[in-house]
Structures are given as C-alpha cells and as structure tokens.
Amino acid sequence: LQDDNATLYDITGTVKARAGPGDGTIGNSSYDIAVTELGDSFAYCYSDRVEGDIDLRMYLNNGSLIGVEVALDPSIFQNASLSNLLDCAAINSTRVGFFRYDDDTADQIEFEIINQTGGQLFATDLDAAAGDYGQTAITTLYNNLSAMIFYDSAELNFTIAIRDVNNRNRYLGFLCLA
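A quick note: this is a predicted structure, and the numbers were derived from the prediction, not measured.

1. A short note on the overall build of the protein chain
Inference 1: The helix and strand inventory of the protein chain stands at zero helices and 14 strands.
Inference 2: For the protein chain, the N- to C-terminal ordering of α and β elements is β-β-β-β-β-β-β-β-β-β-β-β-β-β.
Inference 3: By residue count, 48% of the 178 residues in the protein chain fall in the buried class.
Inference 4: For the protein chain, long-range pairs separated by at least 24 residues make up 36% of all intrachain contacts whose partners lie at least 6 apart in sequence.
Inference 5: Put simply, the protein chain shows about 8700 Å² of open surface, and 51% of that area lies on carbon and sulfur atoms.

This is the structure:
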C-alpha cells in the first residue's frame, strides 16, 4: 500500500463517498493506519514513511476533508519498523485519543487527546522505557472515557490504562506474562 485513499460504504456495502487521495504516496513498508468515527465525520491517523511523520486527517462522512493535514509526530525514525505503531479512538464527538508506540530512541508509549480540528489538548508518556518491542490499542468507553492497553517488552507485561476526556488517570494496572 502506497496510496492514501479511503472509501465510505453504507450498511449494505454500497459506496457512499470517497475520501482522498490525501497524501499520495505514504511509503511501501513499516506503516500503520487507524480510523475512528466522530458522529458526522471521522478521523484518520497514519504513519507516512515518505514524509517521516505521523499525520491526522479529518473528513466529513461525505468524504470532504475538514481543515488540513495535522502532523501528530513531525519526526519519526523511518527505518524503525515499530516506530510507526499507532491507534486512535473517538473519546466523544469532539475529541480523539491518539495512542502509539515510539521505537525511536526512547521506546516510549505516548497518548494524546486531540480536538476535532486536530489541535493537541493533552499529551502524556505512559511508559518512557517500554523496550524494543511494543504494541498499542485504544477503544472508547462510556462517559467520555478511553481504555488503552500496551505491551512493555522491557518488563514483559501488558499495561491497561483508563483515562477521561481531560486526560485524568482513572485506572492503571498490569498483567504479567512471566
């Protein structure tokens, strides 16, 4: 996959709209993408090896771009295949949780809350030294909460975190593998 395109389907599988091409060529390896709905729009997060960054684009459900591309991380290590692991989920209709493993020099787990125009509201490093191999996932819960889980290869465990819409920690726990 090198092109940045999206197609919107209704419940029957009929094409309703096409979004893109957005960024054109985004690279042919070591990339990741995530999509989340925001009511009458959706957010699309992706790593771009060609530009060496992680970007966010927001679209209306008819495929029209809202605003401009926003660089969530303007400088990723393009040759580290795990530096591009990311996920996003709508916390509510105006905020998106962006969650990623950064295999650059710090091997850190990062979480951001972004508003509907792509502006960063909060940023947190949940683990500053997660080791050489990581993975992240985020989902929406009720009452403006989001739940995240990540793998920490330095400590050989999974960490579960629940945060609210204002980035306050509601739960942090560990699942040990060893």
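2. Focus on the sheet that holds strand 9 (residues 108-115)
Inference 1: Taken together, four strands build an open sheet; the order of strands is 7-8-9-10 and the sheet is antiparallel. Pairing within the sheet leaves two strands with one partner each, and these edge strands are strand 7 (85-90) and strand 10 (120-127). Between one strand axis and the next, the sheet turns by 15° as a mean value, whatever way the strands run.
Inference 2: Sheet topology places strand 7 next to strand 8 (residues 95-102); six bridges connect them, and they run antiparallel. Bridging across to strand 8, A89 finds its partner in G97.

3. Observations regarding unusual backbone geometry
Inference 1: Located in the positive-phi region is N143, a residue other than glycine, with phi close to 55°.
Inference 2: Of the residues examined, N143 reaches a relative accessible area of 61% and is grouped as exposed.
Inference 3: Unlike most non-glycine residues, N167 shows phi in positive territory, near 70°.
Inference 4: Mapped onto the elements of the fold, N167 is located in the loop between strand 13 (157-164) and strand 14 (169-176).
Inference 5: Given a relative accessible area of 11%, N167 falls into the buried group.

4. Thoughts on the pairing of strand 3 (residues 33-37)
The side chains of a regular strand alternate, first on one face of the sheet and then on the other.
Inference 1: Here strand 3 shows one buried face, formed by A34 and T36, and one open face, formed by I33, V35 and E37.
Inference 2: Between the antiparallel neighbours strand 3 and strand 4 (residues 41-48) lie three residues, among them G39 with a positive phi of about 75°.

5. What to know about the pattern of salt bridges
Inference 1: By the definition in use, this model includes four salt bridges.
Inference 2: Put simply, R168 and D164 hold a salt bridge, and the shortest N to O gap is 2.7 Å.
Inference 3: Among the ionic pairs, R170 bridges to D164, the shortest N-O distance being 2.9 Å.
Inference 4: One salt-bridge network, in which partners are shared between bridges, spans D164, R168 and R170.

6. Here we look at the side chain of S146
Inference 1: As for its position among the elements, S146 is in strand 12 (residues 145-152).
Inference 2: In this structure, S146 is in contact with I91, F111, I138, T139, L141, A161, I162 and R163, ignoring residues within four places of it in sequence.

What counts and how
Residues numbered from 1 in each chain as written. Predicted model: local features only at pLDDT ≥ 70, side-chain atom pairs only at ≥ 80, totals over all residues. Heavy atoms only, no water. Helix = DSSP H or I, 4+ residues; strand = E, 2+ residues; numbered from the N terminus. Buried < 20%, exposed > 50% of the residue type's maximum accessible area, 1.4 Å probe, protein only. Contact = heavy atoms within 4.5 Å. Areas by Shrake-Rupley, 256 points an atom, 1.4 Å probe, with all protein chains shown as cover. Pairing = 2+ DSSP bridges. Axes fitted to C-alpha atoms, helices over the stretch in contact; angles between N-to-C directions. Salt bridge = Lys/Arg side-chain N within 4 Å of Asp/Glu carboxyl O.

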